[in-house]
Amino acid sequence: MPSSNLQPFATTSIILVAAIAGAFLSPITVPAAAQDRSKAANAAKATTDDAVPGAPHLLPHDTLLYLRFDDVDELREDFADSSMGKMLADPKLKPLAGDLYTTLAELFSNVGQQFGISLDELLAIPSGQVAAAAFPRIVSEEELSRKDAGAEDSDENSDEAIRRRIQQKRDAQTAMAGMFVIDAGKNIDKLRDLVNRVLERPIQSGYVRREQNVGPVTLVRLMPPRIGRPEIEYFERDNCLVLGIGHGTASAALDRWLDRTDEPTFADNVDFAAVMGRCLGAEETRPQLTFYAEPYHLVERLIKRGGTAALIWPIFEDLGIAKIRGIGGSVFRGGEDFDDISHLHVLIDPPRDGLFGVLRPDAVDTVPPSFIPSDVTTYTTVKWRFDAAFDNLSKIIDRFQGEGTAKRIFEDGVKDRLDINIREEVLANLSGRYVTGSWIQPPAKLNSQARFHAFELTDPTKAQAVLEKVLKKVAPDLKPQSVGTQQIYTTQAGGRNFSARLRRPEPTVMILDKWLLVGDSRELMERAIRASGGALPGLVDVPDYDLVSSELGGKLDGEKPFMVSYLRGSDFLRMMYQMADSEDSRAFMKTAAANNPVAAKFNDLLKKNELPPFEQFEKYFAPSGTFGYDEATGIHFGSFTLKAME
């Protein structure tokens, strides 16, 4: 798309950035008095909340992409009361946070100068509801009949003219429109001034401004000078601005607001309601963020607009992408027990065939195996029917490449190279339970996060024989080593000139009890051996994990999960803290600052501020949990972070 066509989208993106930035950056510097003013503004806004419809009631029924902040003022308050907000307001950390904000403001100024706005101005604008959406664009008869500049005298039967009409028709069939809904409250004057400043550019490039009175509201339309550039419409009512990109976007929203039409809205969309019902009904409060996407028609329009539909789209159709009727989620903040709660629901039509035949989850045992050490940073367990997934994947490959292709590639190929039967010796020996996790291996480096993968076996003795046979084929010089009574296979990755600033991976594999373990750190695998034997405490005995596990039970509400995950976020923070405080990192930042203005800003920030003790940060972080369960209408995921105990 030519750069001139991006201007309207840049306009609306800048406004949306105001909402996001205002929600998450302002707590860095907002004092308690400002929070009190925010509460007063919320109380004064009670009648406005009743007057301004929720964004789904203003959007068309066939909306394909949707994002909404329920109330930016409340989000600011809740963020200030969150663990992160309290950390940024900590007197011992506030100088660092203030300098960080100043650095971000200076970096933003390079962009803001193009639109005549500072970061502070952006943060001051959003107040209540903020939403953005994309949907099919209606191409007006005026736009279809309009000729491009320089084409008035061309031969209508020429190859170029025919090509232009074909492309114009394709664009009309796949065109996308967008809409932004921004409640600015008492800051509506600032928002209006920002819109006028930013829209001055398209006017200078040839857009024509027109105004129309629709009932008590003035609708402003900017008409493009040539083909390929969309119309821009906007209006404001009750301190709320609605801005649309595309013909009839804002005007149609105004008709819905004024009850001048009986056409269904996005709020009446059955798939949207089904997805949101699974994401909203699970909690007692209203979500602060909701989002939704309709993948099938969204991907269809994007592919067809690119002109490659004849080659690509049939493949997507055969894979059954139409079965995904909607994907959406919600984010809640606040509460006595949780810092945040999130939900994601994928609405899938039965039966699960085609691509979705590979989705074969099953109920999993949530108790961590004994070999998981207590100090792991992440832990995830999944139950999957690998044999059924393999069968369905083979069917997909055969469908596109011809009958027998999957068997030739996977089964015959593995048999020829490794001399094993993948179905009988591998898949048949898997119980279906898979476990993975990570551990921050000291000292802190960019790749300190060591990982392991574990597959539960039904016959460990048979698996040991298969493992030895495979290793003789792929690494004949690799000999088993002993760690106590446990046999492992390990080696070192990287050459002689491996960077000292990185952790040297040590690929390691072993059969431990009834598990096949594969990892990239011998030290982590040795810790797994010690934990399995009781020489190291296990994750199952960690109070934080027990707390997360008990809360997971409440969130599942009787559903049986196929996936459960645990995360200790403070470990990642500790790794970054130790790296930032190391001489190597400071030397690297100093070198990078010579040629990179962003790195220079943060280098100055580190030089100016002495990092407080890590314990000052750590107390604001609590563990998180994630779960997933399968149901008749689709797959549901949820996650939460506990509130830190200061």
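Shown above is the structure to which this text applies.
The rules behind the values
Residues numbered from 1 in each chain as written. Predicted model: local features only at pLDDT ≥ 70, side-chain atom pairs only at ≥ 80, totals over all residues. Heavy atoms only, no water. Buried < 20%, exposed > 50% of the residue type's maximum accessible area, 1.4 Å probe, protein only. Helix = DSSP H or I, 4+ residues; strand = E, 2+ residues; numbered from the N terminus. Polar contact = N/O pair within 3.5 Å; in protein donor to acceptor, adjacent residues only side chain to side chain. Core = buried A, V, L, I, M, F, W, Y, C linked by side-chain atoms within 4.5 Å. Pairing = 2+ DSSP bridges. Contact = heavy atoms within 4.5 Å. Phe/Tyr/Trp six-rings, centres within 6.5 Å; stacked < 30°, edge-to-face > 60°.

Novice: Can you help me understand helix α4 (residues 72–81) in this one?
Specialist: Three or four residues apart is the spacing at which side chains of an α-helix point the same way, because the helix has 3.6 residues per turn. Extensive coverage of α4 is indicated by the burial of seven of its 10 residues. Two or three places before Asp 73, at the start of α4, stands the capping residue Asp 71, its side-chain oxygen 3.0 Å from that residue's backbone nitrogen.

Novice: Which parts of the structure should I look at to understand the nonpolar core?
Specialist: For soluble globular proteins, the rule of thumb is that nonpolar side chains tend to be buried together. Judged by nonpolar contacts, the single largest core of 36 residues is most densely connected at Phe 371, Ile 372, Tyr 379, Met 510, Leu 517 and Leu 539. Leu 59, Ala 133, Val 242 and Leu 254 belong to the second largest nonpolar core, which has 28 residues in total.

Novice: How should the pairing of strand β7 (residues 240–245) be read in this particular structure?
Specialist: Regular strands place their side chains on alternate faces of the sheet. By the criterion of burial, β7 is predominantly enclosed, with six of the six residues buried. Residues Cys 240, Val 242 and Gly 244 point to one face of β7 and Leu 241, Leu 243 and Ile 245 to the other, with burial holding for every one of them. By the bridge criterion, six bridges tie strand β3 (residues 176–183) to β7 in an arrangement that is antiparallel. Paired with Ile 182 across the strands is Leu 241, a residue of β7. Alignment of strand β6 (residues 232–237) against β7, held across six bridges, turns out to be antiparallel. Bridging across to β7, Ile 232 finds its partner in Ile 245. Connecting β6 to the antiparallel partner β7 that follows it, the hairpin turn spans two residues, and Asp 238 within it adopts a positive phi of roughly 50°.

Novice: What should I look at first to understand the pairing of strand β5 (residues 217–223) in this one?
Specialist: In terms of residue burial, β5 counts as a mostly covered element, since six of its seven residues are buried. Connecting strand β4 (residues 208–214) to the next strand, β5, in antiparallel fashion are two residues, including Gly 215 with a positive phi near 60°. Sheet topology note: the β5/β6 ladder contains three bridges and is antiparallel. Paired with Val 220 across the two strands is Tyr 234, which belongs to β6.

Novice: I would appreciate a short explanation of the side chain of Glu 631 in the present structure.
Specialist: Its place among the elements puts Glu 631 in strand β19 (residues 624–631). Apart from the residues lying within four places of it in its own chain, the contact partners of Glu 631 are Arg 278, His 345, Arg 352 and Glu 559.

Novice: Honestly, the side chain of Thr 405 in this entry has me stumped. Any pointers?
Specialist: As for its placement among the helices and strands, Thr 405 is situated in helix α16 (residues 405–418). You can call Thr 405 buried: its relative accessible area is 4%. Look past the residues within four positions of Thr 405 in its chain and what remains in contact with it is Ile 397 and Asp 398.

Novice: What is the right way to read the packing of aromatic side chains from this model?
Specialist: Where two aromatic rings form a pair, the distance of their centres and the angle of their planes describe that pair. This model, assessed by the stated rule, comprises 17 aromatic pairs. A network of ring pairs unites the aromatic residues Tyr 66, Phe 266, Phe 272 and Tyr 292 as a single cluster.

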